[in-house]
Amino acid sequence: MEAADYEVLSVREQLFHEKVRECIISTLLFATLYILCHIALTRFKKPAEFTTADDEDATVNKIALELCTFTLAVALGAVLLLPFSIISNEVLLSLPRNYYIQWLNGSLIHGLWNLVFLFSNLSLIFLMPFAYFFTESEGFAGSRKGVLARVYETVVMLMFLTLLVLGMVWVASAIVDNSKASTESLYDFWEYYLPYLYSCISFLGVLLLLVCTPLGLARMFSVTGKLLVKPRLLEDLEEQLHCSAFEEAALTRRICNPTSCWLPLDMELLHRRVLALQTQRVLLEKRRKASAWQRNLGYPLAMLCLLVLTGLSVLIVAIHILELLIDEAAMPRGMQGASLGQVSFSKLGSFGAVVQVVLIFYLMVSSVVGFYSSPLFWGLRPRWHDTAMTQIIGNCVCLLVLSSALPVFSRTLGLTRLDLLGDFGRFNWLGNFYIVFLYNAAFAGLTTLCLVKTFTAAVRAELIRAFGLDRLPLPVSGFPRASRKTQHQ
């Protein structure tokens, strides 16, 4: 063999080893996410559904739980996708020729984006509908009962659902873009149909993030306030503890001796009131036992961090709105080649990249908080060891929709300069200036409105409680006067 042949073989062998290394790294990363998600789901599942006397139902629930674990792992991978790419780019810029990070390259990052896109399509379109129909199926009438009969029924239902969704997307595409090219493109199922369908799902996810994130940013302050110990501002905790103890004792005597009162008593309401007083007393004891550092430093610092992160997010979006009006390069777009390690995606270098990662995680957590705080999705909130299997499936689908839209959401708002890799950059609506501009303006306006409303209401309520106006017999704004029936009780 000639020297040229040896050189070609060595290049091919090197490419083969790189592909094997990327497959091993991707498998290890996904296995880690899968284990973490499995541990999380086992903490929320209802044990009675997996230890029933009917082994068939238990087997079906176990299979559905594994499919939900896979979907949740994909959702977690979609959340980590953009921060991992930003950090990898900064590492490659700082250590371009380091031997120990040769495995970290643009090909690996691009492959991870494609895998997340593929698994997101697979989970949303096939696995989660299969899991739901599988748990609800009983087998066709007249067929032999068993897991296999449920599989047959589920496959048939999934085929009908696929045809229905395919027809709806085909009609929607024909209405939006009534051209022969767009109509014929849907005949290519893998190349055009799945990306187009996922583009519609991603657009719905981005709209859901637009609604949930401002609500979550406002709710983050109250959620953090419940987790931390507040400072004592014109409050007497001892007096509140004594009042709570006296009221609880009075209600307990009324429950134990209901004949002592000539009015009819609502025992269920009294029990709920006693439980609320016990919870309030535990919180007051926690505040009284907290150290001065924890009470006077931890809470203000946490609130200051939340305020800075929220204000910084709104400021970045406002600057991005101005850039959209001036420079066309501010529009989100896709990048087919994974050219990482050449230039930083932040004007502040590594520090700016860290700020971008923190903001992306903060907005994702805020969107989840806002999602579960919304009245529309309140019933989906998982409960510790008391979440039904259908509820777990619904949570996994919603979290996957939110997380898979996070890269597009972050790039649309201008939180990062990293262009969308792989098929994430092929969404048609990303090139529409009016959609992107109105989306940025709506996010900034909704976030500002939610924050102003939350802060004014919170400050007013805290001042009323601090001065003891909530205990007056007068009707105070934010504290409606108790009804006459409740006062007699």
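The structure under discussion appears in the preceding block.
Residues numbered from 1 in each chain as written. Predicted model: local features only at pLDDT ≥ 70, side-chain atom pairs only at ≥ 80, totals over all residues. Heavy atoms only, no water.

Student: What is the right way to read the overall build of the protein from this model?
Tutor: Across its full length, the protein holds 14 helices and two strands. By residue count, 41% of the 489 residues in the protein fall in the buried class. Considering only residue pairs separated by 6 or more positions, the protein has 79% of its internal contacts joining residues 24 or more positions apart. Summing over all exposed atoms, the protein offers an accessible surface of approximately 27,500 Å²; the carbon and sulfur share of this is 68%. (Helix = DSSP H or I, 4+ residues; strand = E, 2+ residues; numbered from the N terminus. Buried < 20%, exposed > 50% of the residue type's maximum accessible area, 1.4 Å probe, protein only. Contact = heavy atoms within 4.5 Å. Areas by Shrake-Rupley, 256 points an atom, 1.4 Å probe, with all protein chains shown as cover.)

Student: Help me understand the nonpolar core, please; the structure alone is not making it clear to me.
Tutor: Inside soluble globular proteins, nonpolar side chains tend to come together where they are buried. If you look at the biggest cluster of nonpolar residues, it comprises 85 residues, and the most contacted ones within it are Cys-68, Met-389, Phe-409 and Phe-443. Among the elements that line this core, the one with the most residues is helix H2 (residues 55-94), at 16 residues. Ignoring anything within four residues of it in the chain, the contact list for Phe-409 reads Val-206, Leu-209, Thr-213, Leu-363, Tyr-439 and Phe-443. In this structure, Leu-251, Ile-255, Leu-270 and Leu-277 belong to the second largest nonpolar core, which totals five residues. (Core = buried A, V, L, I, M, F, W, Y, C linked by side-chain atoms within 4.5 Å.)

Student: Could you clarify how one ought to interpret the pattern of salt bridges in this entry?
Tutor: Counted according to the given criterion, the structure contains two salt bridges. For the salt bridge of Asp-386 with Lys-46, the shortest nitrogen-to-oxygen distance reads 3.9 Å. With Asp-386 in the loop between helix H10 (350-373) and helix H11 (389-404) and Lys-46 in the loop between helix H1 (3-44) and H2, this residue pair connects regions lying 340 residues apart in the sequence. Judged by its relative accessible area of 26%, Lys-46 is partly exposed. If you follow the salt bridges from partner to partner, you end up with Lys-46, Arg-383 and Asp-386 in one network. (Salt bridge = Lys/Arg side-chain N within 4 Å of Asp/Glu carboxyl O.)

Spatial relationships are all this shows, so hold off on functional conclusions.
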